[in-house]
Each structure stands twice: as structure tokens, then as C-alpha cells.
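Chains, contacts and geometry: an overview
The primary structure of each chain is shown beneath.
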Amino acid sequence: MNVASLPGTATLLEDLDKKVIVVLRDGRTLIGYLRSVDQFANLVLHRTIERIHVGKEYGDIPRGVFIVRGENVALLGEIDLEKEERIPLKQVGVEEILEAQRLEQDEKQAKEKIRLKRLKELGLQSTVADYTHDDAF
């Protein structure tokens, strides 16, 4: 029986032992080797790194073995190892990318405060829910 013809998470069996990228519901990006998957799409990643992107820079935080609950997976895909070497981004150190991420988040929060203040001045309320404090992890 062809694995591709199986329903649901069984199709992930063909990605076992391959390098994959996983984007979580909370926006984090994990890269590692898929070692195990179950019927709920729970994943076990080996030699995992958490990749943080800010602008044209990225930083990798080593995480080791990482277990991901299936309901927290937003996207999963195999990484093309040849193309991975040619990414047009600059790798920086962990401390540098974490500082850049913090500054980016502070800037976004300041812009959101201004937007909400302006809406309030116009007598309007924001109907967009606050997803910054997700319970995804």
C-alpha cells in the first residue's frame, strides 16, 4: 500500500528521519529531524533548533529533542537540503537576534497602542482579539 494514499497523519510517515520545518500556532519556527509521529500528529523532533527571523537576519537556538503536541502545529514541511544552503538571510548570534526580536515586538506594541488610542478617539472599538497571549504552549 502506498503511504501517500493513507488518510490523515499517516502521510507524515514518509517524512520520518527527514529534516523538517515546523511552524507552531504561536508563531515559533522549529527545524529538526522528524523521528516519530502518532495518530494525533504529535511529533518528536531530534537535533532541533528554534529559528528566529527579524528582517533579513536570523538566529538559531539549539533545543535538542523536542516534543510538539499535534494541535499546536500550523505548518510542517520537508526542507530541501540543497536550497537551505542558499538562503538570502544573514545568520547572527542568539543574543543579537533575541535583542532584535524584543525591539521589533516593542515597536509593534507601540504602534498598536497608537492605533487603539486613535480608534477610541474616533469612538470606535477594535473588534480584533488580542492573540499576543496565546495558550498554545
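For the structure itself, consult the block above.
Everything numeric in this text was worked out from a predicted model, so none of it was measured.

Considering the pattern of salt bridges
Pairing between side chains becomes possible if they bear opposite charge and their charged atoms approach one another. Within the structure shown, the criterion is met by 11 salt bridges. In this structure, Asp26 and Arg28 form a salt bridge, with 2.9 Å as the shortest nitrogen-oxygen distance. Overall, Arg28 belongs to the partly exposed group, its relative accessible area being 26%. The residue Arg102 makes a salt bridge to Glu99 at a minimum N-O spacing of 2.6 Å. In this pair, Arg102 and Glu99 are both assigned in helix α2 (residues 94–121), 3 residues apart and thus about one turn of the helix distant. Counted as one network, the salt bridges with shared partners bring together Glu99, Arg102 and Asp106.

Looking at the pairing of strand β4 (residues 57–68)
Side-chain positions along a regular strand alternate between the two faces of the sheet. Here 10 bridges tie strand β3 (residues 43–54) to β4, and the two strands are oriented antiparallel to one another. Its bridge partner being in β4, Val44 is matched across the sheet by Ile67. Counting the residues in the hairpin turn of β3 and β4 gives 2 residues, including Gly55, whose phi is positive at 60°. One ladder, built from 2 bridges, connects β4 with strand β6 (residues 90–91); its direction is parallel.

Some words on the side chain of Glu50
Counting through the fold element by element, Glu50 comes out in strand β3. Residue classification places Glu50 among the buried positions, given a relative accessible area of 8%. Leaving out residues up to four positions away in the same chain, Glu50 has contacts with Arg28, Thr29, Leu30, Gly59, Asp60, Ile61 and Arg63.

Focus on the nonpolar core
In globular proteins that are soluble, nonpolar side chains generally tend to be buried together. If you look at the biggest cluster of nonpolar residues, it comprises 11 residues: Leu12, Val20, Val22, Leu24, Leu30, Leu34, Val37, Leu43, Leu45, Phe66 and Val68. Within the residue set of this core, elements represented by two or more residues are β1 (19–24), β2 (29–37), β3 and β4. With sequence-adjacent residues up to four places away left out, Val22 is seen in contact with Arg28, Thr29, Leu30, Leu43, Leu45, Val73, Leu75 and Leu76. Ile52, Val54, Val92 and Ala100 belong to the second largest nonpolar core, which has 6 residues in total.

Thresholds, definitions, all that
Residues numbered from 1 in each chain as written. Predicted model: local features only at pLDDT ≥ 70, side-chain atom pairs only at ≥ 80, totals over all residues. Heavy atoms only, no water. Salt bridge = Lys/Arg side-chain N within 4 Å of Asp/Glu carboxyl O. Buried < 20%, exposed > 50% of the residue type's maximum accessible area, 1.4 Å probe, protein only. Helix = DSSP H or I, 4+ residues; strand = E, 2+ residues; numbered from the N terminus. Pairing = 2+ DSSP bridges. Contact = heavy atoms within 4.5 Å. Core = buried A, V, L, I, M, F, W, Y, C linked by side-chain atoms within 4.5 Å.

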